[in-house]
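Spelled out from the first residue to the last, the chains are:
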Amino acid sequence: MPLTSSAGQTLAQKLIARAADSDRVVPGDIVTCRVDLAMFHDSSGPRRLKPMLEQLGARIWDPQRVVLVMDHYVPERDDDSRRIVRIAREWAIEQALPNVYDSMGICHVVVPQHGHIRPGMMCVGGDSHSPTGGAFGAYMFGVGSTEMLGAVVTGEIWLRVPETIQMHWSGALAAGVTAKDMMLHMLARFGMNGGDYQAVEFCGPAVTALSMEERMTLSNMSAELGSQVGLIAPDAVTADWLAAHGAPGVETGPWFTDTNASVTRHDFDASTLPPMVAAPHSPANSHPVEAHRGTAIQVAYIGACTGAKREDMQAAARVLRGRKVASGVRLIVAPASQRDQEAAQASGDLQILRDAGAELYPTSCGACAGYGSPMNDGDVVISTTARNFKGRMGSATAQVYLASPYTVAASALRGTVTDPREVLA
């Protein structure tokens, strides 16, 4: 049915209309939007953009609106990584970029932690998990190097206004069940193309009850659903978190989906959701933890933008307090950012994990991107990362299972895939 002028607007439409200097937009419209923020990292940014900009004889339209994060190839392990990071560092100086975060953590966590993302913004990121910004009520999506080139030269980007798919969660999550379990359940139901490159919006009482960090996990993994963005309407939780991270006084009021807007809605009951586990080699290969109970593991990895924020490490510490990981199991903890690591250290959670036998890895993308090849051939790994594609974490013969920090920690404790509710009880 065609939309009429009286039809309500979705959150996605409102965000795009603002960026396009329009009163309203309709799904299917192709519009040109002003870019409020362009983010890229050492892998996606300078080594690719620098030669293209030089060939064009072009310059960055507004360095104040650009954020560069060194997170993929740090700490430098070989000549190739040293070359890539050197290009990024030298280019940042050449361009006089004011917003550079070098070896301070993963871009999707570092950028909001330093107050760069706010409700209402239009943002592009040189990484597929850039939809993390949608947790703050910003329209943020990932682009390739050519699109990023256009954005940083012109300050604009075009897009097709998407339809909105609402994932409505009622009820309340049980202890030991998290946003990661919610996402793995949605992936099991819809698959990795279920978002159809439209706007996915997470809503309902169970979503509004989530902390900011848990909301970031949902929006981050909207990439796995195949959507363009993963939006959550901002509220007091958003405003309070941003005020504590360098962005006080943000406006949240205008950014919500009208009740009479045209959406496709799917309903879920959080109160019936068990811990979920995704088996190799797809995040969509997800089942309740019971389906994999007893599977022996060699490595438990708590890391990545999806699974090593402050609250993720806190969850793991609740499971492992006063306990030791099973003999023969490596527990690796790679905090998502320096700030998260410092907070976990101050709270005592990091010491609990170390006392349990954890190895502390650098605050970078690390094993999630296969950097440093920490997984041995044939290892069975349970990980808090977003993806478990074959070979992604290094060895092509490693078997990687995905789960929440609670489930990963409980599995490290027992040496087999374990329902964390048993340990927490």
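This text follows the structure it describes.
Everything numeric here is computed off the predicted structure, so don't read it as measured data. What you see as residue numbers is a count from 1 along each chain, following the sequence as written. Side-chain atom pairs in this predicted model are given and counted only at pLDDT of 80 or more, local residue features only at pLDDT of at least 70, and totals for whole chains, interfaces and linings cover all residues. Side-chain metrics rest on all non-hydrogen atoms present in the structure, leaving aside hydrogens and water.

Caption draft 1: Summary view of the environment of Ser170. The secondary structure listing takes helices from DSSP runs of H or I that are at least 4 residues long and strands from runs of E that are at least 2 residues long, numbered from the N terminus. Assignment of secondary structure puts Ser170 in strand β8 (residues 164-170). Its relative accessible area of 28% is what places Ser170 among the partly exposed residues. Linking Ser170 and Ile302, residues 132 residues apart in sequence, is a C-alpha distance of 28 Å. Note on contacts: a residue pair is in contact if any heavy atoms of the two residues lie within 4.5 Å. In contact with Ser170, not counting residues within four places along its chain, are Pro205, Ala206, Phe268, Asp269, Ala270 and Ser271. Think of it in three bands: with a 1.4 Å probe and only protein chains considered, a residue is buried below 20% of the maximum accessible area for its type, exposed above 50%, and partly exposed in between.

Caption draft 2: Quick look at the layout of surface pockets. The space that makes up the largest pocket amounts to roughly 270 Å³. Contributing to the lining of the largest pocket are 17 residues, with Val177, Thr178, Glu214, Glu311 and Tyr406 lying nearest its centre. Mapped by element, the contributors of at least two residues to the lining of the largest pocket are α10 (310-320) and α13 (405-414). When residues in the lining of the largest pocket are grouped by element, the largest group, five residues, is from α10. Amino acids are sorted into nonpolar (Ala, Val, Leu, Ile, Met, Phe, Trp, Tyr, Cys and Pro), charged (Asp, Glu, Lys and Arg) and polar (every other residue, Gly among them). Of the residues in the lining of the largest pocket, the class split is nine nonpolar, four polar and four charged. As defined here, a cavity is a set of points on a 1 Å grid over the protein atoms alone where a 1.4 Å probe fits but cannot get out. A pocket is an open set with protein on both sides within 12 Å along at least five of seven lines, and residues line them when an atom is within 4 Å of a point. Grid points are joined across faces, edges and corners, and a volume is the space filled by probe spheres set on the points. In this model, the second largest pocket occupies a volume close to 170 Å³. In terms of lining residues, the second largest pocket is bounded by 13 residues, among which His72, Asp127, His129, Cys368 and Arg392 are the most central. Here the lining of the second largest pocket is built from residues that sort into six nonpolar, four polar and three charged.

Caption draft 3: Up close: helix α6 (residues 179-190). Here α6 spans 16 Å end to end across 12 residues, near enough to the 16 Å set by a 1.5 Å rise per residue. Among the residues making up α6, those that are buried are Ala179, Lys180, Asp181, Met182, Met183, Leu184, Met186 and Leu187. Polar contact is defined as a pair of N or O atoms within 3.5 Å, subject to the rule that within protein one atom must be able to donate a hydrogen and the other to accept it, and that residues adjacent in sequence are counted only when both atoms are side-chain atoms. Capping the start of α6, Thr178 holds a side-chain oxygen 3.2 Å from the backbone nitrogen of Lys180, two or three residues further along. Looking one or two places after α6, you find Gly191, whose phi comes out positive at around 80°. Expected helix span is computed as 1.5 Å times (number of residues minus one).

Caption draft 4: A look at the sheet that holds strand β6 (residues 139-142). DSSP bridges decide pairing: two strands pair if at least two such bridges lie between them. In space, the five strands of this open sheet follow the order β4-β3-β2-β5-β6, with parallel pairing throughout. The open sheet has two edge strands, β4 (100-102) and β6, and neither has a second partner. Averaged over neighbouring strand pairs, the angle between their axes works out to 15° when direction is ignored. Note on geometry: axes are C-alpha line fits, over the in-contact stretch for helices, and angles between N-to-C directions span 0 to 180 degrees. The strands touched by helix α1 (residues 11-19) are β5 (122-125) and β6; relative to β5, the strand with the most contacts, the crossing angle is about 95°. Contacting β2 (37-41) and β5, helix α5 (residues 145-154) runs over the sheet at an angle of about 135° to β2.

Caption draft 5: Main features of the sheet that holds strand β9 (residues 199-203). Sheet architecture is open: four strands sit in the order β10-β9-β8-β11, paired in parallel fashion. Each edge of the sheet is formed by a strand with only one pairing partner; in this case those strands are β10 (229-231) and β11 (264-269). When the angles between neighbouring strand axes are averaged without regard to direction, this sheet yields 20°. One ladder, built from six bridges, connects β8 with β11; its direction is parallel. Following the sheet pairing, His168 is matched in β11 by Asp267. Relative to the sheet, α1 contacts β8, β9 and β10, its axis offset from that of β10 by approximately 110°.

Caption draft 6: Examining the pattern of salt bridges more closely. We define a salt bridge as a contact between a side-chain nitrogen of Lys or Arg and a carboxyl oxygen of Asp or Glu at a distance within 4 Å. For the coordinates displayed, the defined rule picks out 22 salt bridges. A salt bridge links Glu311 to Arg310, with the nearest nitrogen and oxygen atoms 3.4 Å apart. Of the residues examined, Arg310 reaches a relative accessible area of 31% and is grouped as partly exposed. Here Arg414 and Glu422 are joined by a salt bridge, their closest N and O atoms 3.1 Å apart. Connected through shared salt-bridge partners, Arg18, Asp36, Asp62 and Arg65 make up one network.

Caption draft 7: Focus on the packing of aromatic side chains. Here the aromatic set is Phe, Tyr and Trp, taking the six-membered ring for Trp, and pairing holds for ring centres within 6.5 Å; pairs whose planes are under 30 degrees apart are stacked, those over 60 apart are edge-to-face, and all others are tilted. With the rule as written, the count across this model stands at five aromatic pairs. With a centroid separation of 5.3 Å and an interplanar angle of 50°, the aromatic rings of Phe136 and Trp241 are classed as tilted. In this pair, Phe136 sits in the loop between β5 and β6 while Trp241 sits in helix α9 (residues 236-243), placing the two residues 105 residues apart along the sequence. Trp241 sits in the buried class, given a relative accessible area of 13%. Linked through ring pairs, Trp169, Phe190 and Phe268 together constitute an aromatic cluster. Above the face of the Phe256 ring, Lys14 is positioned so that its terminal group lies 3.6 Å from the ring centre. Placement of a charge over a ring requires the Lys NZ or Arg CZ to be within 6 Å of the ring centre, with the centre-to-atom vector within 35 degrees of the ring normal.

Caption draft 8: Local environment of the pairing of strand β7 (residues 156-160). Alternating residues of β7 divide into Ile157 and Leu159, all buried, and Glu156, Trp158 and Arg160, none buried. Across five bridges, the pairing between strand β1 (residues 30-34) and β7 is antiparallel. Directly across from Arg34, in β7, lies its bridge partner Glu156.

Caption draft 9: Geometry of the nonpolar core. Core analysis: the biggest nonpolar cluster contains 62 residues, and Phe136, Leu320, Leu331, Leu353 and Ile382 have the highest contact counts within it. The nonpolar core is taken to be a set of buried Ala, Val, Leu, Ile, Met, Phe, Trp, Tyr and Cys residues, with the residues joined through side-chain atoms within 4.5 Å. Residues Ala12, Val31, Ile60 and Val229 belong to the second largest nonpolar core, which totals 44 residues.

This is a description of form; function is not addressed.
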